[in-house]
Amino acid sequence: MSLDVREAAEALLSGEEREPLTDAWPELDVDTAYAIQDEALRLRLERGETLIGVKLGLTSRAKQQRMGIDSPLLAWLTDAMVLPAGMPVPSLIHPRAEPELVFVLGQSLSGPGVTAATAMAAVDRVYGGVEIIDSRYRDYRFALPDVVADNGSSAYVTLGPVGAQPASLDLSLEAALLEVDGAIVDTATGAAVLGHPAEALALAANALGARGRALEPGWLVFTGGMTDAVDVRPGSRVAAHFSNLGSITLAGA
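Anyway, here's the lowdown on the structure attached to this text. (Residues numbered from 1 in each chain as written. Predicted model: local features only at pLDDT ≥ 70, side-chain atom pairs only at ≥ 80, totals over all residues. Heavy atoms only, no water.)

What follows deals with the pattern of salt bridges. Where charged atoms of side chains with opposite charge meet at close range, the side chains can pair. All chains considered together, the criterion is met by 16 salt bridges. Across the salt bridge formed by Arg 6 and Glu 10, the nearest N and O atoms sit 2.7 Å from each other. One end of the pair, Arg 6, and the other, Glu 10, are both in helix 1 (residues 5–13), 4 residues apart, so they sit about a helical turn from each other. Its salt-bridge partner being Asp 124, residue Arg 125 comes within 3.6 Å of it at the nearest N-O pair. Given the relative accessible area of 34%, Asp 124 is considered partly exposed. A cluster of three or more residues bridged by salt bridges with shared partners is formed by Arg 6, Glu 10, Glu 39, Arg 42 and Glu 46. (Salt bridge = Lys/Arg side-chain N within 4 Å of Asp/Glu carboxyl O. Helix = DSSP H or I, 4+ residues; strand = E, 2+ residues; numbered from the N terminus. Buried < 20%, exposed > 50% of the residue type's maximum accessible area, 1.4 Å probe, protein only.)

One turn of the α-helix equals 3.6 residues, which is why residues spaced by three or four share an orientation. An ideal rise of 1.5 Å per residue puts 24 Å on 17 residues; helix 3 (residues 30–46) measures up with 24 Å between its terminal C-alpha atoms. Regarding helix 3, the residues found buried are Ala 33, Tyr 34, Ile 36, Gln 37, Glu 39, Ala 40, Leu 41, Leu 43 and Arg 44. The first or second residue beyond helix 3 is Gly 48, which carries a positive phi of 110 degrees. (Expected span 1.5 Å × (residues − 1).)

Burial of strand 2 (residues 73–78) is extensive: 6 of the 6 residues sit out of reach of the surface. Taking every second residue as pointing to the same face, both faces of strand 2 are buried, with Leu 73, Ala 75 and Leu 77 on one and Leu 74, Trp 76 and Thr 78 on the other. In this sheet, strand 2 lies alongside strand 1 (residues 51–57) in antiparallel orientation, the contact comprising 6 bridges. In the strand pairing of strand 2, Val 54 is matched with Trp 76. (Pairing = 2+ DSSP bridges.)

Structure (structure tokens):
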């Protein structure tokens with residue numbers, strides 16, 4: 001039997017591992033999945049969390065190919081998802097880490113019609129970041145509506161130590177090296193994110209505009225994994241090294 005929007009949001013917020021919603025709810029579509037995501041956000045705010053931005057998911061070909069999905073998605077970030085640098089990754093179902101380029105907005109940005117150029121004009125600072133994803137679905141098995149409803153598999157985000165003026169960087173060439181226990185396992189540049197991370201920012205503004213929302217000043221926008229994600233195992237150390245935006249190291253709990 002399929003769940004309704006409120007029941008699905010509560011089930012996913014419980015943090016318990018489960019089968020995909022679409023197993024029992026095959027008619028679940030992306031619009032309804034975003035309604036579930038929005039209901040989960042409402043419940044988070046009701047329990048005292050603060051909305052601080054958005055993240056994009058599946059913006060790189062590496063992630064799309066791994067997950068068998070070919071469309072980027074949007075999800076919410078709250079203050080409870082911020083993991084301070086140096087803190088161990090909390091115990092999760094099956095955490096994975098991926099390096100991302102992160103925008104901090106200096107002004108509001110709302111679609112429709114936002115281009116990469118107009119999106120960058122709204123950016124105050126650029127950071128490197130790491131997102132910890134943790135799908136509630138067993139074995140990371142899901143269709144696009146499932147992962148949208150699950151807030152893009154969001155768990156935690158960590159911001160790097162260096163905030164740069166956007167004009168000082170060539171973001172399509174900004175590189176990230178992903179390291180696990182001292183060995184480099186993957187590398188990519190900002191061009192992996194829809195050709196340029198500004199395209200991801202424009203996509204977010206236009207997608208939110210279609211839902212009657214805007215990106216707000218001060219918000220973080222995580223633009224999507226540059227590389228494939230790696231497992232964060234107990235006792236392991238995962239690091240992301242950026243060309244100009246410093247390094248971030250995380251330890252598995």
